[in-house]
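Single-letter residue listing:
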Amino acid sequence: STAEAIGLMERSLEEQAGGDFAHSVRLHLDYPPDASAWPVSGRPGRSIGMLPAIVPGLRAAALRTYTTCGPGDSPCELLLLFDMETMELRAIVEDYSLHGLRTGAPSGVATKHLARSDATRAGVVGSGRQARAQLAALASVRDLTEVRAYSPNEERLQAFCAEMEELIACPVLPCGSAEDA
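Residues numbered from 1 in each chain as written. Predicted model: local features only at pLDDT ≥ 70, side-chain atom pairs only at ≥ 80, totals over all residues. Heavy atoms only, no water.

Things to note about the pattern of salt bridges
Quick reminder of the rule: Throughout this description, the term salt bridge denotes a Lys or Arg side-chain nitrogen within 4 Å of a carboxyl oxygen of Asp or Glu.
Tallied over the full model, the rule gives 11 salt bridges. Via salt bridges that share partners, Arg64, Glu77, Asp95, Arg102 and Arg129 belong to a single interconnected network.

Some thoughts on the nonpolar core
Soluble globular proteins tend to bury their nonpolar side chains together. The test is simple: Throughout, nonpolar core names a set of buried Ala, Val, Leu, Ile, Met, Phe, Trp, Tyr and Cys residues whose side chains join them through atoms within 4.5 Å. Burial classification: accessible surface area is computed with a 1.4 Å probe over protein chains only, and a residue below 20% of its type maximum counts as buried, one above 50% as exposed, and the rest as partly exposed. The secondary structure listing takes helices from DSSP runs of H or I that are at least 4 residues long and strands from runs of E that are at least 2 residues long, numbered from the N terminus. Between two residues, a contact is recorded if the distance between any of their heavy atoms is within 4.5 Å.
Judged by nonpolar contacts, the single largest core of 14 residues is most densely connected at Leu135, Leu144, Val147, Ala149, Phe160, Ile168 and Val172. The set of elements that each furnish at least two residues to this core consists of β7 (121-125), α3 (129-141), β8 (146-150) and α4 (154-168). If you tally residues by element for this core, the top one is α4, at five residues. The contact partners of Val147, leaving out residues within four places of it in the chain, are Ala122, Val124, Leu135, Ile168, Cys170, Pro171, Val172 and Leu173. Formed by six residues, the second largest nonpolar core is a distinct cluster that contains Ile6, Met9, Ala105 and Ala137.

Side note on the sheet that holds β8
Spelled out, the test is: Strands are labelled as partners when DSSP assigns at least two bridges between them. Lines fitted to the C-alpha atoms define the axes, with helices restricted to the stretch that makes contact. Angles between their N-to-C directions range from 0 to 180 degrees.
Judged by pairing direction, the sheet is parallel, and its three strands sit side by side in the order β7-β8-β9 without closing on themselves. The open sheet has two free edges, formed respectively by β7 and β9 (172-174), since each of these has just one partner strand. In this sheet, adjacent strand axes meet at a mean angle of 25° when their direction is disregarded. Pairing of β7 with β8, which is carried by five bridges, proceeds in the parallel orientation. The partner of Gly123 across the bridge, within β8, is Arg148. On top of the sheet, α4 reaches β7, β8 and β9; it is set at about 170° to β9, its chief contact.

Okay, here's the thing in structure tokens:
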């Protein structure tokens, strides 16, 4: 659940702040080497990204890996989970569905600790899986009474508002601009 993911994210951030956490910067390998300049180069290229982390306090060791082939395209997203004691591979998890939950959790932690405790309204720009996860995270740590949303794609915006209104049990109103949201 979103609330469980936020709790685990909060614990891992506490472990990191306490120094009992190992991670590396994102490794991003592009081919051809100048493909990262797309669309300037005109060639989308191919890439592989990797994010490793070890969090002993959660008895967790994992590697997220993903591929890309052009803007916004990620045909393969996997989490490799390892046994903390032996570092043997224990699971390979498809990450496309979990990606939003994993990405939204830090926003839930940030909202919980940094936003006013009486905040009841939110705005969201976008209507994709990340926007859904971010809004679900906000709604899990605040009692929202209204959400204003904007997306340049009117059809997707309407679907997003209807879906999220049902999910978070709060009015999600479509807006005509990012500023209005």
